[in-house]
Amino acid sequence: KPRAFSGIQPTGGIHIGNYLGAIRNWVLQQDQYDNMFCIVDLHAMTLPYDASELRPRTVEVASALLAAGIDPQRSILFVQSDVREHTELCWILGTLATYGELRRMTQFKEKSKGSERVGAGVFFYPVLQAADILLYDAAVVPVGEDQKQHIELTRDLAMRFNRTFGETFVVPEPDIKPAGARIMSLTDPLKKMSKSDPDPESRIELRDPPDVIRRKIRRAVTDSEAEVRFDEERKPAISNLLTIYSLFADVPIPELERRYAGKGYSEFKRDLAEVVIAGLQPIQQRLDELAADPGIVIRTLRGGAARARELAVAKMAVVRDRCGLGLPP
Ligand code: TYM
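The structure presented is a predicted model; accordingly, all values stated were derived computationally and were not measured.

Draft legend 1. Expanded view of the pattern of salt bridges. One pass over the structure, following the stated rule, counts 26 salt bridges. A salt bridge links R215 to E201, with the shortest nitrogen-to-oxygen separation between them at 2.7 Å. On the criterion of sequence distance, the pair formed by R215 in helix α9 (residues 210-219) and E201 in the loop between β5 (173-175) and α9 is long-range, its members being 14 residues apart. Between E225 and R229 there is a salt bridge, with the nearest N and O atoms lying 3.8 Å from each other. Of the residues examined, R229 reaches a relative accessible area of 26% and is grouped as partly exposed. Salt bridges sharing common partners tie together D223, E225, E227, R229, D231, R234 and K235.

The following block contains the structure:
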């Protein structure tokens, strides 16, 4: 089976954008690939953070992935910093990446916003991401739309390394689905739903209780018409809600348009809230079960790290050899 690799940052609560854009697809495709899913704690260090919160968040995100259906029998689930080879390969790939291409990364431009005080980790972020992927010879990288540019850079670095030092890395393909790859904010349909938005009303988190979900959807921005119709250009808010509805209920969007023809937004929103609540209910239940026995999550991550390490150590021996690093054998 081809290998699929993806990562998620242990920063704050996971939201339905992460779920519909990435995690849900990881779960649905679990039998299709040889899977690795990584909680990228080293990436989470690139912006100021509280060290005492990082481990609890790492365990929380791992719990959410397990609750969403990641099966440790079929997927390697592990924490990035448990496998030192990620940082070593990051350095090596960094010698091939150019200042110009890293400076052009949209995420870097947004997070640095011209400030000279931003940490160099924000600049190097996509190089570490490339190392995550290339270290395991991943063929497929299932992600949301916002990661497209980083996967493109990963491909460029893999090809550059192969040209410079000889065929070593698999050049990975991004796997970005046409629906759900860019779930928008509930309060501003022109911005993507994001963990870093200061307004919690802008996103629905996996852990949100039913009443909170009902309130957030009731208050979600719409438009001044009263027609439930998919038109991303003219009706971005309703189109976003239709996408969420369609993915959670597994009903095609044209069918939803027919169902709500001539009906107002409030009925549509009321039903949408129940669909989201029902979709998250089994995940929330498993989260509660896992919270009662956190040892399971830690043991799963420890086992995952051991399996990942074995692959990483073997790959880095080849990489060091190709680069002429260290002593002769
Ligand atoms: P992170 O933690 O920001 O997001 C995790 C996944 O969720 C997707 N996503 C969304 N999808 C749809 N709509 C949204 N509003 C939305 N917001 C987030 C992201 O695209 C992502 O797939 N750089 C990565 C982490 C990473 C990684 C990797 C990914 C590190 N190394 C190697 C793949 C391969 C990130 O910031 O994820």
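Draft legend 2. Representation of the site of the ligand within the structure. Taken together, 27 residues form the shell around the ligand, and within it Q9, Y125, D132, D146 and I183 come nearest. Within the side chain of D146, one N or O atom sits 2.4 Å away from an oxygen atom of the ligand. Measuring from a nitrogen atom of the ligand, one finds a backbone N or O atom of M193 at 2.9 Å. Going through the elements one at a time, β1 (3-8), α1 (16-28) and α7 (120-134) are the ones with two or more residues in the shell around the ligand. Tallied by class, residues from the shell around the ligand come to eleven nonpolar, twelve polar and four charged.

Draft legend 3. Spotlight on the side chain of K315. Tracing the chain through its elements places K315 in helix α13 (residues 294-323). The contacts of K315, once residues within four sequence positions are left out, are L134, L135, D137, T168 and F169.

Draft legend 4. Main features of the environment of D31. Summarising the element assignment, D31 is placed in the loop between α1 and β2 (34-39). Along the chain, D31 and L301 lie 270 residues apart, while their C-alpha atoms are 20 Å from each other. If sequence neighbours within four positions are ignored, D31 has contacts with K1 and R74. Side chain to side chain, D31 and R74 meet in a polar contact 2.9 Å long.

Basis of the calculations
- Residues numbered from 1 in each chain as written.
- Predicted model: local features only at pLDDT ≥ 70, side-chain atom pairs only at ≥ 80, totals over all residues.
- Heavy atoms only, no water.
- Salt bridge = Lys/Arg side-chain N within 4 Å of Asp/Glu carboxyl O.
- Helix = DSSP H or I, 4+ residues; strand = E, 2+ residues; numbered from the N terminus.
- Buried < 20%, exposed > 50% of the residue type's maximum accessible area, 1.4 Å probe, protein only.
- Near = heavy atom within 4 Å.
- Polar contact = N/O pair within 3.5 Å; in protein donor to acceptor, adjacent residues only side chain to side chain.
- Nonpolar A, V, L, I, M, F, W, Y, C, P; charged D, E, K, R; others polar.
- Contact = heavy atoms within 4.5 Å.

Read these as layout, nothing more, since geometry by itself doesn't imply function.
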